[in-house]
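# Topology and contacts: notes
Chain residues, written in single-letter form:
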Amino acid sequence: MALEISKQNTAILAMDFENDIVHPDGAFKDFGFAKMVADNAVLDKTSQLLTSARNAGVSVIYVSVKFRPGYPERPANAGLWQGLHGANALVEGSWGAQIHDQLTPKDGEPVVTKRGVSAFTASDLVQILQNKRIDTLILTGVATNFVVEGTARQACDLGYNTIVVGDCCTSMSQEAHEASLATALPFLCTVSNLEEVTEALK
């Protein structure tokens, strides 16, 4: 069955495309994210998807993970956050916390700041979605098994219809990416791809 999308009530979330995560010179370059982004052309594919969404009148919302200097919002209570502290990464105002140039938000597109894994964590995303009368979310981002899966889990609990565009996501390895797409995500949302979503947006 072909994917159907109600354009008026749908938003695309472009999540965690900061330089420190996806750029080859970013603070997390040794973790494998940037290599996987390049190997799978995730920036190119996501750019194509966002263009299709804009042309269709679908809302585009950016989700940015960043923290104040010293990380007062984020204790190093897990390996993920210990790596963040150790790399001095994703600090507000730094180059590393900026969204990659290839995916720069257009005028009027909101940029939501989150302070954890899910796009909903300590952010005003829900208020924006409610104001726009959004009930369907299309998820893109890095990493598949962190922000994408974390957001899908919470979106499911909150009652949103959710679509993950699998080839507009990646992780630190192909195995981690594919495991998330094959195990947890199919039970939380619809797993799709760029071609199928682009066709549904026409």
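Residues numbered from 1 in each chain as written. Predicted model: local features only at pLDDT ≥ 70, side-chain atom pairs only at ≥ 80, totals over all residues. Heavy atoms only, no water.

## Some details on the environment of Gly96
- Inspection of the secondary structure puts Gly96 in the loop between α4 (79–87) and β3 (111–114).
- The exposure class assigned to Gly96 is buried, which follows from its relative accessible area of 5%.
- Those residues in contact with Gly96 that lie beyond four places of it in its chain are Glu18, Asn19, Asp20 and Leu90. (Helix = DSSP H or I, 4+ residues; strand = E, 2+ residues; numbered from the N terminus. Buried < 20%, exposed > 50% of the residue type's maximum accessible area, 1.4 Å probe, protein only. Contact = heavy atoms within 4.5 Å.)

## Structural notes on the environment of Ala34
- Inspection of the secondary structure puts Ala34 in helix α2 (residues 33–39).
- Among the residues examined, Ala34 registers a relative accessible area of 7% and is labelled buried.
- It is 5.3 Å that separates the C-alpha atoms of Ala34 and Pro24, two residues lying 10 residues apart in sequence.
- Ala34 has contacts with Ile21, Val22, His23 and Pro24, leaving out every residue within four places of it along the chain.

## Comments concerning the pattern of salt bridges
- A complete count under the given rule lists 8 salt bridges for this structure.
- Ionic pairing is found between Lys114 and Asp16, a salt bridge with its closest N-O pair at 3.2 Å. Here Lys114, found in strand β3, pairs with Asp16, found in the loop between β1 (10–15) and α1 (19–22); they are 98 residues apart in sequence, far enough to count as distant. Exposure class is identical for Lys114 and Asp16. Each is buried.
- Salt-bridge contacts for Glu92 lead to Arg115; the nearest nitrogen and oxygen are separated by 2.9 Å. Of this pair, Glu92 sits in the loop between α4 and β3 while Arg115 sits in the loop between β3 and α5 (125–131), and the two are 23 residues apart along the sequence.
- A relative accessible area of 32% means that Glu92 is categorised as partly exposed.
- The exposure class of Arg115 is buried, given its relative accessible area of 14%.
- A single network of salt bridges, built from pairs that share partners, joins Arg68, Glu73, Glu92 and Arg115. (Salt bridge = Lys/Arg side-chain N within 4 Å of Asp/Glu carboxyl O.)

## So, the side chain of Ser64
- Note on placement: Ser64 falls in strand β2 (residues 59–65).
- Owing to a relative accessible area of 1%, Ser64 belongs among the buried residues under this scheme.
- Separated by 3.0 Å, the side chains of Ser64 and Lys66 make a polar contact.
- In contact with Ser64, other than residues within four places in its own chain, are Asp16, Glu18, Ala97, Val111, Val112, Thr113 and Lys114. (Polar contact = N/O pair within 3.5 Å; in protein donor to acceptor, adjacent residues only side chain to side chain.)

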